[in-house]
Amino acid sequence: MARPMRRRMAAKIAPMKMPPQRIALVAIVAVLLVGGAAWWWRPTASNPSALMHQAGQVAKQPGSPKQPASRNMAVARMDALMAACNRDVAAAFKARALELRQKQDAPSQVAYALAVPLDPSVDVERMPPTEYQRAMLEWQDEIRAALLRAAALAPDDTDVLWQAATRCGDGSDCRAVQRALLAAEPDNMAVWLHEMAWARTRGDAEASRIAFERAAAATRYDIHAGATHEAMLQGYAGLAMPASCERQEVRVANAYMRDLTGVPANTVETGMLDQALASAAVNASVSFPPYSPIVQPCTPALNAAMTPALRESCKRIHTRLADGDTIMDQIFASKIMLQLTADSPESTEWRERYRRSRWLMEHQLDTEILSQHRIEDYADGEVRRMQATLQAAGRWPPPADWLPADENDRSLILTGHPPAKKKPDQAP
């Protein structure tokens with residue numbers, strides 16, 4: 001799945017809009033896809049009476065002398081309708097996933113792995129902990145097996161290798177695919193950050209040290225943004241919305257949610273793809289490289305033994321990470337960089353970069369901004385899309401006098417240092 005293919009896939013879906021609920025509720029939707037939680041159209045707790053009123057108006061036929069059903073009956077009916085829609089959506093995705101499992105090509109195996117159905121008998125609230133743990137381990141083993149099949153079917157596809165290596169876990173089969181990714185992308189800092197974590201898991205301090213050096217020497221940072229979205233689009237495009245979700249009362253609930261968020265109406269196909277892409281968003285985050293191996297060595301306050309050579313290696317790593325695709329990459333790395341460059345001529349630039357990253361984070365769940373994003377935008381880079389949307393709204397760059405509310409962040413931006421520790425009050 002090369003990047004040109006990703007762009008072609010994005011072009012095919014350009015007219016669609018991305019609902020902001022996907023960002024705020026991706027975890028809920030992921031549970032939905034494995035047989036669990038409520039449909040995302042369910043009314044929010046903030047104003048259920050408004051939805052119940054609208055549902056009641058739908059239930060009342062024009063000219064009928066009868067009044068709408070009681071609030072409790074309306075809530076119960078809506079719960080039943082949502083439950084039916086939820087079951088049918090889960091069933092549709094399960095059926096497609098099981099079809100994909102039988103196909104002997106890497107894209108199908110990846111798409112299956114990203115939405116492996118959970119056994120419907122798994123009930124986290126009622127099942128004994130040991131049985132639940134066993135069921136979850138079996139589910140994870142099925143995901144790993146599908147990803148390893150995909151890697152065997154497409155050993156030269158770096159998107160597939162990335163998916164398999166970063167999710168596989170321990171064991172010789174996983175180590176083989178991890179080595180294959182390292183060999184395929186020796187210039188990619190992201191894979192060496194993963195290797196540092198893999199080496200620590202193996203207890204191999206020397207391999208972790210070498211991985212740190214390779215990360216510092218790498219020439220690019222690529223987390224394969226958009227690979228999970230493309231896999232889900234290829235695997236689950238064309239699923240029709242179940243008839244139970246097309247009931248008039250369910251449509252009213254959908255309309256109510258759109259009114260709350262300002263999101264335009266979806267097409268039938270987009271409604272189902274929304275669920276697949278929500279799962280893709282969750283799955284993409286699972287593959288992000290861990291930051292922990294580059295925190296302690298590169299934070300001056302945590303490493304009193306930092307040498308000039310180590311400082312320069314840390315600066316190379318975090319400079320590249322600060323140019324990454326995600327807001328978290330940029331905010332994490334620029335925060336380390338402003339500490340590495342404190343009291344130097346570079347400090348001003350990094351303090352401003354950190355301030356701008358914090359501004360982006362402040363708007364990460366702003367529904368007015370997110371409602372402008374298209375599905376393919378998240379395959380193109382979260383930061384670029386957020387900046388472009390904020391700029392169109394007259395909110396980028398941030399106001400010159402803006403500072404975050406957090407005292408520590410304000411001090412880092414203004415001085416390059418955390419605030420001085422307050423002395424305990426003197427005893428009288």
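None of the values given here were measured: they were computed from a predicted structure. Residue positions are given per chain, counting from 1 as you read along its sequence in written order. Only residues with pLDDT of 70 or above have their local features reported here, since the model is predicted, and side-chain atom pairs are shown and tallied only from 80 upward, although totals for entire chains, interfaces and linings are computed over all residues. As a rule here, side-chain values cover all heavy atoms of the structure and leave hydrogens and water aside.

## What about the overall build of the protein chain?
Helix and strand definitions here come from DSSP, where helices need a minimum of 4 consecutive H or I residues and strands a minimum of 2 consecutive E residues; each element is numbered from the N-terminal end. Helix and strand counts for the protein chain stand at 21 helices and zero strands. A 1.4 Å probe rolled over the protein chains alone gives each residue an accessible area, and that area as a share of the maximum for its type sets the label: buried under 20%, exposed over 50%, partly exposed in between. Out of the 428 residues in the protein chain, the part that is buried amounts to 48%. Only the protein chains shown count as cover for residues, and the accessible areas themselves come from Shrake-Rupley with a 1.4 Å probe. With the model as given, the accessible surface of the protein chain reaches about 20800 Å², and the carbon-plus-sulfur share is 55%.

## Brief notes about the state of the cysteines
As used in these notes, a disulfide is a covalent bond between sulfur atoms, one from each of two cysteines. In plain terms, two cysteine sulfur atoms within 2.5 Å form what is called a disulfide here. Under the defined criterion, the tally for this structure stands at three disulfides. Bridging Cys 85 to Cys 245, the disulfide has an S-S length of 1.9 Å. Residues Cys 85 and Cys 245 share a disulfide whose torsion about the S-S bond is about 105 degrees; that sign makes it right-handed. Here Cys 85, found in helix α5 (residues 71–101), pairs with Cys 245, found in the loop between α12 (227–236) and α13 (248–261); they are 160 residues apart in sequence, far enough to count as distant. Here Cys 85 matches Cys 245 in class, with each residue buried.

## A closer look at the packing of helix α6 (residues 106–113) against helix α7 (residues 129–153)
One way to put it is that α6 packs onto α7 with a least axis distance of 8 Å and a crossing angle of 165 degrees. With respect to α7, the element α6 is oriented roughly antiparallel. Handedness of the α6/α7 crossing: left-handed. Across from Ala 106, Gln 109, Val 110, Tyr 112 and Ala 113 in α6, the residues of α7 making contact are Glu 142, Ile 143, Ala 146, Leu 147, Arg 149, Ala 150 and Leu 153. Basically, the charged four are Asp, Glu, Lys and Arg, the nonpolar ten are Ala, Val, Leu, Ile, Met, Phe, Trp, Tyr, Cys and Pro, and anything else, Gly included, counts as polar. Each residue belonging to the contact of α6 with α7 can be placed in one class, and the counts come to nine nonpolar, one polar and two charged. For every element, the axis is a line fit to its C-alpha atoms; helices are fit only across the contacting stretch, and the angle between N-to-C directions ranges from 0 to 180 degrees. If an angle is under 35 degrees, it is roughly parallel; if it is over 145, roughly antiparallel; if it lies from 65 to 115, roughly perpendicular; otherwise it is oblique. It is the rotation of the near helix from the far one that decides the hand of a crossing: anticlockwise by less than a right angle makes it left-handed, clockwise makes it right-handed. Any two residues having at least one pair of non-hydrogen atoms within 4.5 Å are treated as being in contact.

## A look at the nonpolar core
For soluble globular proteins, nonpolar side chains are generally found buried alongside one another. In this structure, Met 189, Tyr 236, Ile 294 and Leu 321 are the most contacted members of the largest nonpolar core, which totals 73 residues. Those residues in contact with Leu 321, other than ones at most four positions away along the chain, are Met 189, Tyr 221, Tyr 291, Ile 294, Asp 329, Gln 330, Phe 332 and Ala 333. By convention a nonpolar core is built from buried Ala, Val, Leu, Ile, Met, Phe, Trp, Tyr and Cys residues, the set being connected through side-chain atoms within 4.5 Å. Ile 327, Ile 369, Val 383 and Trp 402 belong to the second largest nonpolar core, which has nine residues in total.

## Describing the confidence of the model for the protein chain
pLDDT is a residue-level measure of predictor confidence that goes from 0 to 100. The predicted model of the protein chain has a mean per-residue pLDDT of 80, with 76% of residues at 70 or higher. Contacts for the low-pLDDT stretch residues 1–5, under 50 throughout, to residues beyond four places or in other chains number 13 contacts. Taken together, the stretch residues 7–67 has pLDDT below 50 and engages in 127 contacts with residues farther than four places along the chain or on a different chain.

## A few points about the pattern of salt bridges
We define a salt bridge as a side-chain nitrogen of Lys or Arg found within 4 Å of a carboxyl oxygen belonging to Asp or Glu. Under the counting rule described, the total for this entry stands at 22 salt bridges. One salt bridge in this structure joins Glu 312 and Lys 315, with 3.7 Å as the shortest N-O distance. Taken as a pair, Glu 312 and Lys 315 lie in helix α15 (residues 308–322) at a separation of three residues, close to a single helical turn. For Glu 312, a relative accessible area of 38% corresponds to the partly exposed category. Of the charged contacts in the structure, one is a salt bridge between Asp 366 and Arg 395, with a shortest N-O distance of 3.1 Å. In this pair, Asp 366 sits in the loop between α17 (347–362) and α18 (367–370) while Arg 395 sits in the loop between α20 (382–392) and α21 (407–415), placing the two residues 29 residues apart along the sequence.

## Quick look at the packing of aromatic side chains
Pairing of aromatic rings covers Phe, Tyr and Trp, the last counted by its six-membered ring, and requires centre-to-centre distances within 6.5 Å; plane angles under 30 degrees mean stacked, over 60 mean edge-to-face, and any other angle means tilted. Summed over all chains, the structure comprises three aromatic pairs. Arranged with centres 5.5 Å apart and planes meeting at 40 degrees, the rings of Phe 93 and Tyr 236 form a pair that is tilted. Of this pair, Phe 93 sits in helix α5 while Tyr 236 sits in helix α12, and the two are 143 residues apart along the sequence. Both residues of the pair, Phe 93 and Tyr 236, belong to the buried class. Between Trp 359 and Trp 402, the aromatic rings sit 5.1 Å apart at their centres with planes inclined by 75 degrees, giving edge-to-face as the arrangement.

## With respect to the packing of helix α11 (residues 205–217) against α15
Relative orientation and spacing of two packed helices are given, respectively, by the angle between their axes and the distance between those axes. The N-to-C vectors of α11 and α15 enclose an angle of 60 degrees; their axes lie 8 Å apart at closest approach. Accordingly, the angle class assigned to the pair α11 and α15 is oblique. When you trace α11 past α15, the crossing you get is left-handed. Contact residues: α11 offers Phe 212, Ala 215 and Ala 216, while α15 offers Leu 310, Ser 313, Cys 314, Arg 316, Ile 317 and Arg 320.

## Description of the environment of Arg 134
Here Arg 134 lies in helix α7. According to the relative accessible area criterion, Arg 134 is partly exposed, its value standing at 43%. For Arg 134 and Val 122, which are twelve residues apart along the polypeptide, the C-alpha to C-alpha distance reads 10.0 Å.

## Re α21
Within α21, the full set of buried residues consists of Asp 409, Ser 411, Leu 412 and Ile 413. Under this definition, polar contacts are N or O atom pairs within 3.5 Å; protein pairs additionally need one hydrogen-donor-capable and one acceptor-capable atom, and for neighbouring residues in sequence, both atoms have to be side-chain atoms. By the N-cap criterion, in which a side-chain oxygen at the helix start approaches the backbone nitrogen of a residue two or three places on, α21 is capped by Asp 406, the distance to Asn 408 being 3.1 Å. Remark: Gly 416 follows α21 within two positions and exhibits a positive phi of approximately 85 degrees.

## Observations concerning the side chain of Lys 315
Using a relative accessible area of 13% as the deciding quantity, one classes Lys 315 as buried. Contacts of Lys 315, omitting those with residues within four sequence positions, involve Met 337, Leu 340, Thr 341 and Glu 346.

## Topic: unusual backbone geometry
Cis geometry is found at the peptide bond from Trp 396 to Pro 397, where omega equals 0 degrees. Counting through the fold element by element, Pro 397 comes out in the loop between α20 and α21. Even without glycine at this site, His 224 takes up a positive phi of about 55 degrees. Even without being a glycine, Asp 343 presents a positive backbone phi close to 65 degrees. Locating Asp 343 in the fold gives a position in the loop between α16 (327–340) and α17.

## Quick look at the side chain of Arg 167
Secondary-structure assignment places Arg 167 in helix α8 (residues 158–168). This count recognises Lys and Arg as positive and Asp and Glu as negative, with His and chain-terminal groups excluded. Summary of buried charges: Arg 167 has no salt-bridge partner, and the nearest side chain of opposite charge, Asp 159, is 10 Å away. Only 3.3 Å separates the side chain of Arg 167 from the side chain of Ser 287, close enough to count as a polar contact. Discounting chain neighbours no more than four positions away, the residues touching Arg 167 are Leu 114, Leu 147, Thr 228, Asn 283, Ala 284, Val 286 and Ser 287.

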